[in-house]
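# Commentary on secondary and tertiary structure
The residues making up each chain are set out below.
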Amino acid sequence: MSDALKIAYSPCPNDTFVFHAWAHGKVPGAPALDVTFADIDITNGMAERGELDILKVSYAVLPWVLEEYALLPCGGALGRGCGPLVLTKEPGEAKDLAGKTVAVPSERSTAYLLFRLWAADEVPGGVGAVEVLPFDEIMPAVRDGRVDAGLVIHEARFTYRNYGLSCLADMGEHWERTTGLPIPLGAIIAKRSLGAERLRELTAAARESVRMAWDDTEASRAYVLEHAQEMDPAVADQHIGLYVNEFTADLGENGYAAVRGLLTRAAAEGLVPPLGRDALSFG
């Protein structure tokens, strides 16, 4: 596969669902892919080091990588009702987090930006220490009292009650209420050095892969479940239903507004570098 483009995306159901057809050579005329599976905190680091041709990353990392990579207008994850959650052992209110320790999956994640923007509005005096943990360790850490709260993503939306935890706040709910925009979570980026024509080819391939996944949802099932880390098939279906939507096929005006809105607000809070005027332009 020496001529294949190197791509990394997560083993989460939304990514394997979206890329199944393309990764298996089923998209007519699409370039071959050499796939690496990695959680998004790993792919964010790959992007910052300029590794691989195509990557699924957090929108939060874009300000650091857009000189070398272009944002593709499809294939990623935006949506409504799908934001990260802040979980605690006991029910409470936002003000209860003042000065407390919160576990987060990454400080270069969209979830973290949404959390910091929420905390700036809702937690008087701000939270205390932030501890970075792999996302699958966060709920046990909250349950066991090792941290006061945890910021969770992915399928944890559907499983946190199994740990006896309470949802203190929904970061996406806060974002949607204050902006009216969808929640920008994960982006697909590709090396600008591939050239404008190849970037258009990649966009077309990603869109066709999404369309094929929707047209035959059973075709990708074995691939999705193989990589879903023993996830219940019903949870995998919920995950896909939540994170694969019209914005996956095309960011559109609202999608771009959401991305720019998130990164502009985050830059105003000093959380990310400011975006250049044409940084999100494709090509």
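Here's a quick rundown of the structure.

Parameters at a glance
Residues numbered from 1 in each chain as written. Predicted model: local features only at pLDDT ≥ 70, side-chain atom pairs only at ≥ 80, totals over all residues. Heavy atoms only, no water. Helix = DSSP H or I, 4+ residues; strand = E, 2+ residues; numbered from the N terminus. Rg over C-alpha atoms; globule rule 2.2 N^0.38 Å. Buried < 20%, exposed > 50% of the residue type's maximum accessible area, 1.4 Å probe, protein only. Pairing = 2+ DSSP bridges. Phe/Tyr/Trp six-rings, centres within 6.5 Å; stacked < 30°, edge-to-face > 60°. Axes fitted to C-alpha atoms, helices over the stretch in contact; angles between N-to-C directions. Contact = heavy atoms within 4.5 Å. Parallel < 35°, antiparallel > 145°, perpendicular 65-115°, else oblique. Nonpolar A, V, L, I, M, F, W, Y, C, P; charged D, E, K, R; others polar. Salt bridge = Lys/Arg side-chain N within 4 Å of Asp/Glu carboxyl O.

### What about the overall build of the protein?
- Looking only at helices and strands, the protein features twelve helices and eleven strands.
- Its C-alpha radius of gyration of 18 Å places the protein within 12% of the 19 Å reference for a compact globule of 283 residues.
- Based on the C-alpha atoms only, the size of the protein along its principal axes is roughly 55 × 45 × 30 Å.
- Evaluated residue by residue, the protein yields a buried proportion of 55% over its 283 residues.

### Digging into the pairing of strand β1 (residues 5–9)
- Of all five residues that make up β1, four are buried, and the element is covered over most of its length.
- Here β1 pairs with strand β2 (residues 33–37) via five bridges, running parallel. Each residue of the ladder has a partner; that of Lys 6, found in β2, is Asp 34.

### Re the packing of aromatic side chains
- Scanning all chains against the criterion turns up five aromatic pairs.
- Relative to Phe 37, the ring of Tyr 9 has its centre 5.5 Å away and its plane inclined at 85°; by these criteria the two rings are edge-to-face. Highlighted residues: Tyr 9 in strand β1 and Phe 37 in strand β2, separated in sequence by 28 residues.
- Owing to a relative accessible area of 0%, Tyr 9 belongs among the buried residues under this scheme.
- Among the residues examined, Phe 37 registers a relative accessible area of 31% and is labelled partly exposed.

### Description of the sheet that holds strand β7 (residues 102–104)
- Within the open sheet, the five strands sit side by side as β8-β7-β9-β6-β10. Their pairing is mixed. The open sheet is flanked by β8 (130–132) and β10 (166–170), the only strands paired with a single partner. Pairs of neighbouring strands in the sheet enclose a mean axial angle of 30°, with direction left out of account.
- Sheet topology note: the β7/strand β9 (residues 149–152) ladder contains two bridges and is parallel. If you follow Ala 103 over to β9, its bridge partner there is Gly 150.
- The strands touched by helix α5 (residues 135–143) within the sheet are β6 (85–88), β7 and β9, with β9 carrying the most contacts at an inclination of about 160°.
- Contacts from helix α7 (residues 171–179) reach β6, β9 and β10, with the element oriented near 25° to β10.

### Let's talk about the packing of α7 against helix α12 (residues 252–268)
- Following both chains from N to C, one finds α7 and α12 inclined at 100°, their axes separated by 12 Å at the closest point. Regarding the angle of α7 to α12, the classification is roughly perpendicular. Contacts between α7 and α12 involve Trp 175, Thr 178 and Thr 179 from the first element and Ala 258, Gly 261, Leu 262 and Arg 265 from the second.
- For the contact of α7 with α12, a count of residues per class yields three nonpolar, three polar and one charged.

### Some points on the pattern of salt bridges
- Tallied over the full model, the rule gives 17 salt bridges.
- Residues Asp 237 and Arg 221 are paired through a salt bridge, measuring 2.8 Å at the closest nitrogen-oxygen approach. Residue Asp 237 is found in helix α10 (residues 233–243), and its partner Arg 221 is found in helix α9 (residues 221–226); the two are separated by 16 residues along the sequence.
- Each of the salt bridges in this network shares a partner with another, and the network as a whole consists of Glu 93, Lys 95 and Asp 96.

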